[in-house]
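# Architecture at a glance
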Amino acid sequence: IAPGAIGAAHQAGFSKGYSSSCPGTPAQESPYMWPLSWSADTESQAMAYGSDDVVYKSRGRTFYMLDKNWKRSDTTYQEGLLRTIGQGPCEDIDEDFVEETGLRGCRKNQ
């Protein structure tokens, strides 16, 4: 488990990964242990601050290999105005939105 605030259930970046056996615990050799490799289909919707209006939607799949401490997320669909801290550069800057709010946002439709 990672130290500090990120710790909750997050693995430390330098960790070699989880094991299917937890020696000396009630989970030792349990058939109900979390699978070490799995994937999840994801769907996300972002709303404008102070509103219930959805301004951005995305779908994808995230793959986990907990025994190697690997995680991969693929986005397969996105639509709307994406505004996040630390987002990468975009080709489709919404100039009307910039003019209206002074903030940058990427217009997505793929």
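Residues numbered from 1 in each chain as written. Predicted model: local features only at pLDDT ≥ 70, side-chain atom pairs only at ≥ 80, totals over all residues. Heavy atoms only, no water.

### Quick word on the overall build of the protein chain
If you tally the helices and strands in the protein chain, you get one helix and four strands. From first element to last, N terminus to C terminus, the protein chain shows the α and β order β-β-β-α-β. Taken across its 110 residues, the protein chain has 17% of its residues classed as buried. Contacts in the protein chain between residues at least 24 apart in sequence constitute 33% of all its contacts with a sequence separation of at least 6. Surface exposure of the protein chain reaches about 8800 Å², of which carbon and sulfur atoms provide 52%. (Helix = DSSP H or I, 4+ residues; strand = E, 2+ residues; numbered from the N terminus. Buried < 20%, exposed > 50% of the residue type's maximum accessible area, 1.4 Å probe, protein only. Contact = heavy atoms within 4.5 Å. Areas by Shrake-Rupley, 256 points an atom, 1.4 Å probe, with all protein chains shown as cover.)

### Brief notes about the sheet that holds strand β1 (residues 37-47)
The antiparallel open sheet is built from four strands, whose spatial order is β1-β2-β3-β4. Two strands in the sheet have a free side with no partner beyond their single neighbour: β1 and β4 (106-109). This sheet shows a mean twist of 35° between the axes of neighbouring strands, independent of strand direction. Here β1 pairs with strand β2 (residues 54-65) via 11 bridges, running antiparallel. Along β2, the bridge assignment pairs Met 47 with Val 54. (Pairing = 2+ DSSP bridges. Axes fitted to C-alpha atoms, helices over the stretch in contact; angles between N-to-C directions.)

### Quick word on the environment of Gly 105
Following the sequence through the fold, Gly 105 ends up in the loop between α1 (95-101) and β4. Expressed as a C-alpha distance, the spacing of Gly 105 and Ile 93, which sit 12 residues apart in the sequence, is 5.8 Å. Every residue in contact with Gly 105, bar those within four places of it in the chain, is listed here: Leu 81, Leu 82, Arg 83, Asp 92, Ile 93, Asp 94 and Phe 97.

### Concerning the packing of aromatic side chains
On inspection of all chains with the given rule, the structure shows one aromatic pair. Look at Trp 38 and Tyr 64: their rings are 4.3 Å apart centre to centre, the planes differ by 20°, and that puts the pair in the stacked class. Taken together, the residues span a long stretch of sequence, with Trp 38 in strand β1 and Tyr 64 in strand β2 at a distance of 26 residues. Under the relative-accessibility criterion, Trp 38 is labelled partly exposed at 27%. (Phe/Tyr/Trp six-rings, centres within 6.5 Å; stacked < 30°, edge-to-face > 60°.)

### Focus: a negative patch on the surface
A grouping of Glu 95, Asp 96, Glu 99 and Glu 100 is seen on the molecular surface, where their side chains present a negatively charged patch. Counting through the fold element by element, Glu 99 comes out in helix α1. (Patch = residues over 30% accessible without salt bridge, like charges linked within 9 Å, V, L, I, M, F, W, Y side chains within 5 Å. Salt bridge = Lys/Arg side-chain N within 4 Å of Asp/Glu carboxyl O. Lys, Arg positive; Asp, Glu negative; His and termini not counted. Charge placed at Lys NZ, Arg CZ, Asp CG, Glu CD.)

### Considerations on the side chain of Gln 78
On the secondary structure map, Gln 78 appears in strand β3 (residues 70-82). What makes Gln 78 buried here is its relative accessible area of 13%. Looking at Gln 78, its side chain comes within polar contact range of the side chain of Tyr 56, at 2.7 Å. (Polar contact = N/O pair within 3.5 Å; in protein donor to acceptor, adjacent residues only side chain to side chain.)

### Details of the pattern of salt bridges
Opposite charge on two side chains permits them to pair, given that their charged atoms come into close proximity. One pass over the structure, following the stated rule, counts two salt bridges. The partner of Arg 61 in a salt bridge is Asp 41, and the shortest N-O contact between them spans 2.7 Å. Highlighted residues: Arg 61 in strand β2 and Asp 41 in strand β1, separated in sequence by 20 residues. The partly exposed category is assigned to Arg 61, whose relative accessible area is 36%. Among the residues examined, Asp 41 registers a relative accessible area of 57% and is labelled exposed.

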